[in-house]
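So the chains spell out like this:
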Amino acid sequence: MTTTSADIQLVPDFGRLWVDTLFETFLDRTGALGELDRRAGDGDFGTNVSSALRRARQSIDVAPPSDYSGWLTAISRGFLGTGGTSGPLFGMFFRDIARCAATGEPTLGEFSSGLTAGLATVQRYGKAQVGHKTMVDALAPAAGTLESAVAAGAAPGTALEKTARAAVGGARGTIELIAKRGRASYVGDVARGVLDPGAAAAAMLLQAAALAQAGPGGRVDTSWIDG
Amino acid sequence: MRRQILNSPDDVVSEALEGLALAHPSLIVYRPDPGIVTRAVPARNKVGLVSGGGSGHEPLHAGFVGTGMLDVAVPGAVFASPTALQVHEGTVAADSGRGVVQIVKNYTGDVLNFQIAGELAGDDAVRTETVLVADDLATDTDEDGPGRRGTAAVLAIEKICGASAEAGADLGTVAELGRRVARNARTLSLALSAGTHPGATTPAFSLGQDEVELGVGIHGERGTGRIPFADADTLTARLVEPLVTELGLAKGSSVIAIVNGLGGTYPLELHVAARAVHRGLTGRGVTVARSLVGGYVTSLDMHGLSVTLLPADPDLLPWWDAPVRTPALTW
């Protein structure tokens, strides 16, 4: 009988570690995300992400969260208070992620369910399918990979590492796609050859999750978004 | 080169809302954080009405907060949707225990953020219903897309739903009434010149002296076609005729007509157009049961007008006639 790894708890303080890694990872990269959006969309994506994270940081500074759900809710509300369409979609994605743990830190299974629920919410609101050149192209393979990894009994570190790789692979795949949803869909062929910034951001946040689980000392490698 | 009465383009919305509230302290209050406009004295025990969207369409929506119309308006930046959190705060503020009707113009960002806000309001045990406003005939195509834009019919929906809510109707009834008006009302617009963004020096598009843009939107979107410049009666007929055809207005029917200035049209011009609308309709045997003429759903300083026609079902007229007291509409 195969043993799943669904009930294994993620590292203590995973919520805070993930959010700290998110801030660190995105801090220097919102400019690059904005540049991708200027080439394929309407150019506001980088600013929207940085203002969402700034808003989250402010609320965390004012009222430091006490548990996983609190940390991720701060990120969710940061995005929900942001303009554009990706902002609110990421906000709803993180809302599901924040709610995935019954108490304290999530188990790997809960995290996997949260990711799957977040993907479904993004698709419900954004109406995007895989191949439409959106964040779904990173989130869908990631959610599928994590589910399989949990079912196969992979340890949390390995499972989240595989998940991040699947997300990065999915995001990179958007380079060749023509957008069917979002602002890039208005520019048609012009966006071909450009990495979708929403998919890139989705992959980066899952890379940050893998690093948070792996422990201190590392740094998320985001050089792949430069092409 | 356009000059504007501004301090800073970044502050134009918040400063104007502050000014509106200072001018009407007995009617409305502006809460800069989270960025909503509420009634000065919140209503009790009635269905709440919240609407919002990008700014630049004043007096929509903040000018319609008050007795007989909205409970809360949620203004975004110029031509940009308010955020989901803003709409959420507005929705919760509009609730007095009997649920909230969200009146949403059909634009991708507005629809998304209001939908999300409705889901978030569910966490606070606030029941919501949505009335989607999609009245712009110029964007009526069979193609798979976002559908018709929401324009000046939103005013009629806010007025009629507002009266019904004030009279004590329940959530489902107010929403269904709003949806019926939204289904039946259509609008068509034209512009002689486009609006200019706060801080910008040139309008969103330019037209030759002999050109008129037909089917314009309220965000500087180009129209569906150019028509030759002509006198008011001729231009107005280009709006009225397609509306009459679309609504299938037969001899003996009756409408509520809104002749709306788009921001840069002065009252003399608008009333010349109103005369033409009236004569055009009565000439076809269509009675104008009620009419409203003025700049209500604007597009910055766009020079142009829209005509909205709504078949005047007998049960709608008492709601239209019911008292209203807001900064921009009072009777």
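Looking at an unreviewed UniProt entry, one finds chain B named Dihydroxyacetone kinase subunit DhaK and attributed to Prauserella endophytica.

You'll find chain A entered in an unreviewed UniProt entry as DAK2 domain-containing protein, with Prauserella endophytica given as the organism.

Enquirer: Break down the interface of chain B and chain A for me, with residues and values.
Expert: Listed per partner, the contact involves 13 residues of chain B and 14 residues of chain A. Together, the buried faces of chain B and chain A total about 1200 Å²; carbon and sulfur atoms form 58% of this surface. On the chain B side of the interface with chain A, the three residues burying the most area are B:Leu85, B:Leu112 and B:Glu119, jointly 42% of the side's total. B:Asp123 is the partner of A:Arg99 in a salt bridge, and the nearest nitrogen-oxygen pair spans 3.0 Å. Counting residues per element, the ones that place at least two in the side of chain B that touches chain A are helix 2 (84-94) and helix 3 (108-123) of chain B. Residue contributions to the side of chain B that touches chain A peak at nine residues, all from helix 3 of chain B.

Enquirer: So what about a negative patch on the surface? Which residues, and what values?
Expert: Residue and element names in this part refer to chain B. On the surface, a cluster of negative charge is contributed by Asp10, Asp11, Glu15 and Glu18. In this structure, Glu15 sits in helix 1 (residues 12-23). Look at Glu15 and you get partly exposed, because its relative accessible area is 34%.

Enquirer: Before we move on, can you summarise the side chain of B:His61 with the specific residues and values?
Expert: Residue and element names in this part refer to chain B. As for its placement among the helices and strands, His61 is situated in the loop between strand 3 (48-55) and strand 4 (72-78). Take His61: its relative accessible area is 5%, and that puts it in the buried class. At 2.9 Å, the side chain of His61 and the side chain of Lys105 are in polar contact. With residues up to four places along the chain from it excluded, the contact list for His61 reads Ser51, Gly52, Gly53, Leu70, Ala73, Lys105, Val154 and Glu158.

Enquirer: Describe the pattern of salt bridges, and please don't skip the residues or the numbers.
Expert: Inspection of every chain in the model, using the stated rule, returns 27 salt bridges over all chains. When the shortest N-O distance is used, the salt bridge between A:Glu24 and A:Arg219 registers 3.4 Å. Taken together, the positions of A:Glu24 in helix 1 (residues 14-27) and A:Arg219 in the segment after helix 9 (197-214) put the pair 195 residues apart, joining distant regions of the chain. Overall, A:Glu24 belongs to the partly exposed group, its relative accessible area being 42%. A salt bridge links B:Arg39 to B:Glu166, with the shortest nitrogen-to-oxygen separation between them at 3.1 Å. Here B:Glu166 lies in helix 4 (residues 153-166) and B:Arg39 lies in strand 2 (residues 36-39), a separation of 127 residues in the sequence. Its relative accessible area of 6% is what places B:Arg39 among the buried residues. B:Glu166 sits in the partly exposed class, given a relative accessible area of 32%. What you see here is one network of salt bridges that share partners, running through A:Arg95, A:Arg99, A:Arg124, B:Glu119 and B:Asp123.

Enquirer: Please set out the packing of helix 2 (residues 30-40) of chain A against helix 3 (residues 45-62) of chain A residue by residue, giving values where relevant.
Expert: Residue and element names in this part refer to chain A. Packing of helix 2 against helix 3 brings their axes to within 6 Å, and their N-to-C directions diverge by 145°. Residues Thr30, Leu33, Gly34 and Asp37 of helix 2 form the contact with helix 3, whose own contacting residues are Phe45, Gly46, Val49 and Ser50. Taken together, the residues of the contact of helix 2 with helix 3 sort by class into three nonpolar, four polar and one charged.

About the thresholds
- Residues numbered from 1 in each chain as written.
- Chains lettered and ligands numbered in written order.
- Predicted model: local features only at pLDDT ≥ 70, side-chain atom pairs only at ≥ 80, totals over all residues.
- Heavy atoms only, no water.
- Contact = heavy atoms within 4.5 Å.
- Buried area = accessible area lost by both parts, 1.4 Å probe.
- Salt bridge = Lys/Arg side-chain N within 4 Å of Asp/Glu carboxyl O.
- Helix = DSSP H or I, 4+ residues; strand = E, 2+ residues; numbered from the N terminus.
- Patch = residues over 30% accessible without salt bridge, like charges linked within 9 Å, V, L, I, M, F, W, Y side chains within 5 Å.
- Areas by Shrake-Rupley, 256 points an atom, 1.4 Å probe, with all protein chains shown as cover.
- Lys, Arg positive; Asp, Glu negative; His and termini not counted.
- Charge placed at Lys NZ, Arg CZ, Asp CG, Glu CD.
- Buried < 20%, exposed > 50% of the residue type's maximum accessible area, 1.4 Å probe, protein only.
- Polar contact = N/O pair within 3.5 Å; in protein donor to acceptor, adjacent residues only side chain to side chain.
- Axes fitted to C-alpha atoms, helices over the stretch in contact; angles between N-to-C directions.
- Nonpolar A, V, L, I, M, F, W, Y, C, P; charged D, E, K, R; others polar.

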